[in-house]
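# Coordinate analysis (summary)
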Amino acid sequence: MTNITIRELKPEDLDEYFRFLTENFYCDEPLQLTPGDHNFEPDTPERRASRLAVIKQGLSLVAVDSNDGGRIVASAYSETKVPNDFEKTWREVNEKKPTEFIDHVDLFLAGIDIRSKLFERFEVSKVLYLNILGVGKTVRQQGLGRRLVSAVIELARSKGFPLIAVSCTSLHSTRIMSALGMSCIHSEKCSDYKDEDGNVVLKPPEPHTSINLMAMKL
């Protein structure tokens, strides 16, 4: 893998980054594999604006293949989070009644962030939060995910973050974070989330049936 290097994800990468996520992340992400037609459109003006704002923080990384024109083959999408961010997101998702599958996903994940009491537990005022870790289908099982997360950890240290955290929706990502020294500080079963009629909404395939919030002091 000497042809693969890691660099910062830049605003000018936005189009390629969205293509990468569509082809290599959303199609395999466990929550999105819940049976049924979810009508989820990953590339919208709203999501582009949100992703761009995070990318401009300079805390996201990509692995690129220099033998293939610098094509993105893996990504780690990260941002600064402070306590008010969790609370703001929680308020926003609670203001509207979930009507689409993605609304339920957002509500469940926002609730996990709040219930984890991450900031209170570690007594910190900011955290580098790794939102999305994606590895391209052609380069999986080669240690690239672990290599990329290691680079994110070093970036967080260099920027003076006291803590790094990631909400893992798959057992694969949970194992990567654990191998790099992170601990699970909060876990919830997807089957525990139900809609207002008491129906289980999130049905990811085994063994990815829990969301694990992993964290490590730096």
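Conventions adopted
- Residues numbered from 1 in each chain as written.
- Predicted model: local features only at pLDDT ≥ 70, side-chain atom pairs only at ≥ 80, totals over all residues.
- Heavy atoms only, no water.
- Axes fitted to C-alpha atoms, helices over the stretch in contact; angles between N-to-C directions.
- Helix = DSSP H or I, 4+ residues; strand = E, 2+ residues; numbered from the N terminus.
- Parallel < 35°, antiparallel > 145°, perpendicular 65-115°, else oblique.
- Left-handed = near helix turned anticlockwise from the far one by under 90°.
- Contact = heavy atoms within 4.5 Å.
- Nonpolar A, V, L, I, M, F, W, Y, C, P; charged D, E, K, R; others polar.
- UniProt positions renumbered as here; feature names shortened; annotations may be inferred.
- Pairing = 2+ DSSP bridges.
- Disulfide = S-S within 2.5 Å.
- Buried < 20%, exposed > 50% of the residue type's maximum accessible area, 1.4 Å probe, protein only.
- Salt bridge = Lys/Arg side-chain N within 4 Å of Asp/Glu carboxyl O.
- Phe/Tyr/Trp six-rings, centres within 6.5 Å; stacked < 30°, edge-to-face > 60°.

Moving on, we come to the packing of helix α6 (residues 144-158) against helix α7 (residues 171-179). Remark: α6 packs on α7, axes separated minimally by 10 Å, with the N-to-C direction vectors making an angle of 50°. In this view, α6 runs oblique relative to α7, as classed from their interaxial angle. In this structure, the crossing between α6 and α7 has a hand that is right-handed. Residues G145, R146 and V149 of α6 lie in contact with α7, whose contacting residues are I176, M177 and A179. For the contact of α6 with α7, the class distribution of residues is 4 nonpolar, 1 polar and 1 charged.

Those residues carrying the UniProt feature "domain: N-acetyltransferase" (unreviewed entry) are residues 4-218 in this numbering. As annotated, residues 4-218 has a helix share of 37% and a strand share of 24%, and its two end C-alpha atoms lie 26 Å apart.

For P11, the location among the structural elements is in the loop between β1 (4-8) and α1 (14-24). When sequence neighbours within four positions are dropped, the list of residues in contact with P11 reads L52, I55 and K56.

Pairing within the open sheet is mixed, and its 7 strands lie in the order β1-β2-β3-β4-β5-β7-β6. The outermost strands of the open sheet, each flanked by one partner alone, are β1 and β6 (183-189). Ignoring strand direction, the axes of neighbouring strands in this sheet form an average angle of 20°. The pairing of β1 with strand β2 (residues 61-65) spans 5 bridges and is antiparallel.

Formally, a disulfide is one covalent bond, and it connects the sulfur atom of one cysteine to the sulfur atom of another. By the definition in use, this model includes 0 disulfides. Cysteine C27 is unpaired, with the sulfur of C190 as its nearest cysteine sulfur at 18 Å. You can call C27 partly exposed: its relative accessible area is 30%. We note that C184 lacks a disulfide partner, and the nearest cysteine sulfur, in C168, lies 8.3 Å from it. Its relative accessible area of 43% is what places C184 among the partly exposed residues.

Turning to the pattern of salt bridges, a few remarks are in order. Applying the stated criterion across every chain yields a total of 11 salt bridges. We note a salt bridge from K96 to D103, for which the minimum N-O separation is 3.6 Å. Judged by its relative accessible area of 11%, D103 is buried. The salt bridge partner of E188 is R115, with a shortest N-O separation of 2.7 Å. Here E188 is found in strand β6, whereas its partner R115 is found in helix α4 (residues 101-116), with 73 residues between them in sequence. Judged by its relative accessible area of 13%, E188 is buried. Look at the salt bridges and you will find they share partners, linking D15, D43 and R48 into a network.

One pass over the structure, following the stated rule, counts 7 aromatic pairs. Centroid distance Y17 to Y77: 6.0 Å. Interplanar angle 25°. Geometry classified as stacked. In this pair, Y17 is assigned in helix α1 and Y77 in strand β3 (residues 71-81), connecting sequence segments 60 residues apart. The residues Y17 and Y77 share a single accessibility class, namely buried. Counting every residue linked through ring pairs, the aromatic cluster contains Y17, F18 and Y77.

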